[in-house]
Amino acid sequence: MVEKSVEHAEFAPLLHKMFPLARFVHIVRNPYGNIVSLRKAKTIQSKFPLVFRMLDSLYNNYYHLYRNRQLIDDYYIIRYEDLLSNPEQHIEKLTQFLELPMHEALLQPTKLGKSVERQQLHGAGFLRVRCKPNRQLEGVHHPMEALFINRHLSYPFEAFGYTKLPDPSIKDFLKPAKNEGIKRYLINRLYLAYLSYNPGKEL
């Protein structure tokens, strides 16, 4: 049985106590790509979201990752980028951790063991796990997002070998993002000053 709700990272120690034979798999992602993905998920009616909500979500995710790997032995961590760049190798390692046989079906979309047609995959049009271009370094994030990550998220870079980008200039940081209204612009930029006086919100 597999359960893949994202919220389980927070309750992993409790779940481990309830199901001591369970094995946990946590996919970690480059913080720059992660915040872009979060922004897209939190964008409502094309409005740029509040950055503190995205940062809180990222902070909680990496905090529980840090805690869980200390508390649970059967806690497997895999980098999202590695899984995309070399799926065969890393899926095989994952099956070894889970003590499951490697099977070709793990490298292609299936439903109840049967191949899924292209049109059933939300228009994605693929029949096999494949690498998508790694876009987090191509400027898809806003300089404001990069600066917040650089200042307040050191752990994922140090622990998982991600490359930290140089801090953007203050001029770039102050540029408004697309569809960022004046109220949200002020809240998002002033949040940097708030974090400067609350250094405990750093991981």
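The structure presented is a predicted model; accordingly, all values stated were derived computationally and were not measured.

Asks: Describe the overall build of the protein chain, with residues and values.
Replies: A count of helical and extended segments in the protein chain gives nine helices and four strands. Order of helices (α) and strands (β) in the protein chain, N terminus to C terminus: α-β-α-α-β-α-α-β-β-α-α-α-α. Residue pairs in contact within the protein chain that sit at least 24 positions apart in sequence constitute 67% of those at least 6 positions apart.

Asks: So what's going on with the pattern of salt bridges? Which residues, and what values?
Replies: Considering all chains together, one arrives at six salt bridges under this definition. Between R39 and E145 there is a salt bridge, and its shortest N-O distance comes to 2.9 Å. With R39 in helix 2 (residues 31–42) and E145 in helix 6 (residues 143–152), this residue pair connects regions lying 106 residues apart in the sequence. In this pair, the class of R39 matches that of E145, namely buried. Among the salt bridges present, the one from R189 reaches E180, with a minimum N-O distance of 2.7 Å. Judged by relative accessible area, R189 falls into the buried class, the value being 8%.

Asks: Which residues make up the packing of aromatic side chains, and what values go with them?
Replies: According to the stated counting rule, one finds ten aromatic pairs in the structure shown. Each ring, one from F24 and one from Y75, has its centre 6.1 Å from the other, and the planes form 25°; the classification is stacked. Here F24, found in strand 1 (residues 24–28), pairs with Y75, found in strand 2 (residues 75–79); they are 51 residues apart in sequence, far enough to count as distant. Taken as a pair, F24 and Y75 share a single burial class, namely buried. Relative to Y63, the ring of Y59 lies with its centre 6.4 Å away and its plane at 5°, an arrangement referred to as stacked. Of this pair, Y59 and Y63 are both found in helix 3 (residues 51–71), four residues apart, which corresponds to roughly one turn of the helix. Overall, the relative accessible area of 34% leaves Y63 in the partly exposed class. Counting every residue linked through ring pairs, the aromatic cluster contains F52, F148, F173, Y191 and Y194. Sitting over the ring of F97, R23 keeps its end group 5.6 Å from the ring centre. Sitting over the ring of F173, R189 keeps its end group 5.7 Å from the ring centre.

Asks: Requested: an account of the nonpolar core, with residues and values cited.
Replies: With 34 residues, the main nonpolar core has I35, L55, Y62, L65, Y75 and F148 as its most contacted residues. Apart from residues no more than four positions distant in its own chain, Y62 is found in contact with V28, R29, N30, P31, N34, L153, Y155, P156 and L203.

Asks: Before we move on, could you go through the pairing of strand 1 and cite the residues and values that matter?
Replies: What you see with strand 1 is a clean split: F24, H26 and V28 sit on the buried side and V25 and I27 on the side with no burial. The sheet contact formed by strand 1 and strand 2 spans five bridges and is parallel. Bridged to V25 within strand 2 is Y76.

Criteria and cut-off values
- Residues numbered from 1 in each chain as written.
- Predicted model: local features only at pLDDT ≥ 70, side-chain atom pairs only at ≥ 80, totals over all residues.
- Heavy atoms only, no water.
- Helix = DSSP H or I, 4+ residues; strand = E, 2+ residues; numbered from the N terminus.
- Contact = heavy atoms within 4.5 Å.
- Salt bridge = Lys/Arg side-chain N within 4 Å of Asp/Glu carboxyl O.
- Buried < 20%, exposed > 50% of the residue type's maximum accessible area, 1.4 Å probe, protein only.
- Phe/Tyr/Trp six-rings, centres within 6.5 Å; stacked < 30°, edge-to-face > 60°.
- Lys NZ or Arg CZ within 6 Å of the ring centre and 35° of its normal.
- Core = buried A, V, L, I, M, F, W, Y, C linked by side-chain atoms within 4.5 Å.
- Pairing = 2+ DSSP bridges.

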